Each structure stands twice: as C-alpha cells, then as structure tokens.
Amino acid sequence: EHLDGFRSGVDLELLCLVLQYASEDLQHDEGFIQAAAGIAKHFATSDWQHDDMELVLKAVQLDGLLLEAAPGWQDSKLVVLKAVQQNGLALQFASEDLKADRLVVRQAFEQNRDSLEFASAELRRTLRRQPCEIL
C-alpha cells in the first residue's frame, strides 16, 4: 500500500535509497515508511536540485545521514542541527565550520557519543583538556 503511486523501478530505487540507512526497527515502522515513500515520490516526480529546504529538513529528520546527499546544505546550521539530532554521526557530513560549532557538536554528542570523532581537531583538543566544555 505504501507503493501506490510509484510509477517505475526508479521510484522504488529512490525509496530504497531513503530507507537504506534506517535501523531495522524503522524499516518496519509504518509512519517512517510512509514518510520515506513521500520523499521518494517527491524526488521521482520533480526536478529536485537540493534547493528545497523543507524537503531537506524532512529528509534529515527521517535519517540524519541523508545529510551526505545534500552537500549544498552541509553548512546550514539549521539543517545540520536537525540531522545530528536525529543521528549524531551525521556530524561527519557537516561543514568544517559547523564541526567546530559547540552547539552542533553538543547536539551530536547528546544523540551519539561516538560523534565526537567528527568534531574539529581544535574542539576535540579543548574537550580533552576540559571535558565539561561539551555540556
């Protein structure tokens, strides 16, 4: 039923692209699948050029790692914050400036402690000297 309105194998490939990073639980979540299908349909039925902030925000809120597919938005603090709030590891796809931004790094850290490896070298050095700085 989620596949109603899909016109071709290309549409299904796009849905698979949206779902590929999702956890196994999310891959079985009805609401997540519906949202992913909506995004895939939008990709397939438009000349999307990664310039639609609303769509980019919806995508990274579904799966923060989709930030990788939107290089034009990797320096947008709003988009990156939404991405790292959903998946802290999305920090790896943020611009260098945002990898040094304390708020962005703190949000990533709160979602996934392993995300600190993607913070700027300078911020990592500061945090080694003063671990409470992340708070």
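Predicted model, so just to flag it, every value in this text is computed and none were measured.

What counts, and where the lines are drawn
Residues numbered from 1 in each chain as written. Predicted model: local features only at pLDDT ≥ 70, side-chain atom pairs only at ≥ 80, totals over all residues. Heavy atoms only, no water. Patch = residues over 30% accessible without salt bridge, like charges linked within 9 Å, V, L, I, M, F, W, Y side chains within 5 Å. Areas by Shrake-Rupley, 256 points an atom, 1.4 Å probe, with all protein chains shown as cover. Salt bridge = Lys/Arg side-chain N within 4 Å of Asp/Glu carboxyl O. Lys, Arg positive; Asp, Glu negative; His and termini not counted. Charge placed at Lys NZ, Arg CZ, Asp CG, Glu CD. Helix = DSSP H or I, 4+ residues; strand = E, 2+ residues; numbered from the N terminus. Buried < 20%, exposed > 50% of the residue type's maximum accessible area, 1.4 Å probe, protein only. Core = buried A, V, L, I, M, F, W, Y, C linked by side-chain atoms within 4.5 Å. Contact = heavy atoms within 4.5 Å. Axes fitted to C-alpha atoms, helices over the stretch in contact; angles between N-to-C directions. Parallel < 35°, antiparallel > 145°, perpendicular 65-115°, else oblique. Left-handed = near helix turned anticlockwise from the far one by under 90°. Nonpolar A, V, L, I, M, F, W, Y, C, P; charged D, E, K, R; others polar.

## With respect to a negative patch on the surface
Taken together, Glu24, Asp25, Asp29 and Glu30 make up a surface patch of like negative charges. Secondary-structure assignment places Asp25 in helix H2 (residues 24-27). Asp25 gets classed as exposed once you look at its relative accessible area, which sits at 67%.

## Brief notes about the pattern of salt bridges
Taken as a whole and assessed by the stated rule, the structure comprises 3 salt bridges. Ionic pairing is found between Asp101 and Lys77, a salt bridge with its closest N-O pair at 3.0 Å. In this pair, Asp101 sits in the loop between helix H6 (96-99) and helix H7 (102-111) while Lys77 sits in helix H5 (residues 77-86), placing the two residues 24 residues apart along the sequence. For Asp101, a relative accessible area of 17% gives the class buried. Taking the relative accessible area as the measure of exposure, Lys77 reaches 35% and is therefore partly exposed. Salt-bridge contacts for Lys99 lead to Glu96; the nearest nitrogen and oxygen are separated by 3.5 Å. With a gap of 3 residues between them, Lys99 and Glu96 both fall in helix H6, about one helical turn apart. On the basis of relative accessible area, Lys99 is assigned to the buried category, the value being 12%.

## Side note on the nonpolar core
Ranked by size, the top nonpolar core spans 25 residues in total, and within it Leu67, Val79, Val80, Val84, Leu91, Val104 and Val105 carry the most contacts. Per-element accounting of this core gives the leading share, 5 residues, to H5. Among residues more than four places away in sequence, those in contact with Leu67 are Val60, Trp73, Gln74, Val79, Val80, Ala83, Ala90, Phe93 and Ala94. Judged by nonpolar contacts, the second largest core, of 9 residues, contains Ala22, Phe32, Leu55 and Leu66.

## Structural notes on the side chain of Ser115
Mapped onto the secondary structure, Ser115 falls in the loop between H7 and helix H8 (121-129). Dropping the residues within four chain positions of it, Ser115 is found in contact with Gly88, Leu89, Leu91, Ala108 and Phe109.

## Focus: the packing of H5 against H7
Think of two packed helices as two axes; the pair is described by the angle between the axes and how far apart they sit. Contact pair H5 / H7: the axes reach a minimum separation of 7 Å and the direction vectors enclose 15 degrees. It follows that H5 is roughly parallel to H7 by the angle criterion. Every pair of crossing elements has a handedness; the one defined by H5 and H7 is right-handed. The residues of H7 that touch H5, namely those facing Lys77, Val80, Leu81, Val84, Gln85 and Gln86, are Leu103, Val104, Gln107, Ala108 and Gln111. Its residues assigned to classes, the contact of H5 with H7 comprises 6 nonpolar, 4 polar and 1 charged.

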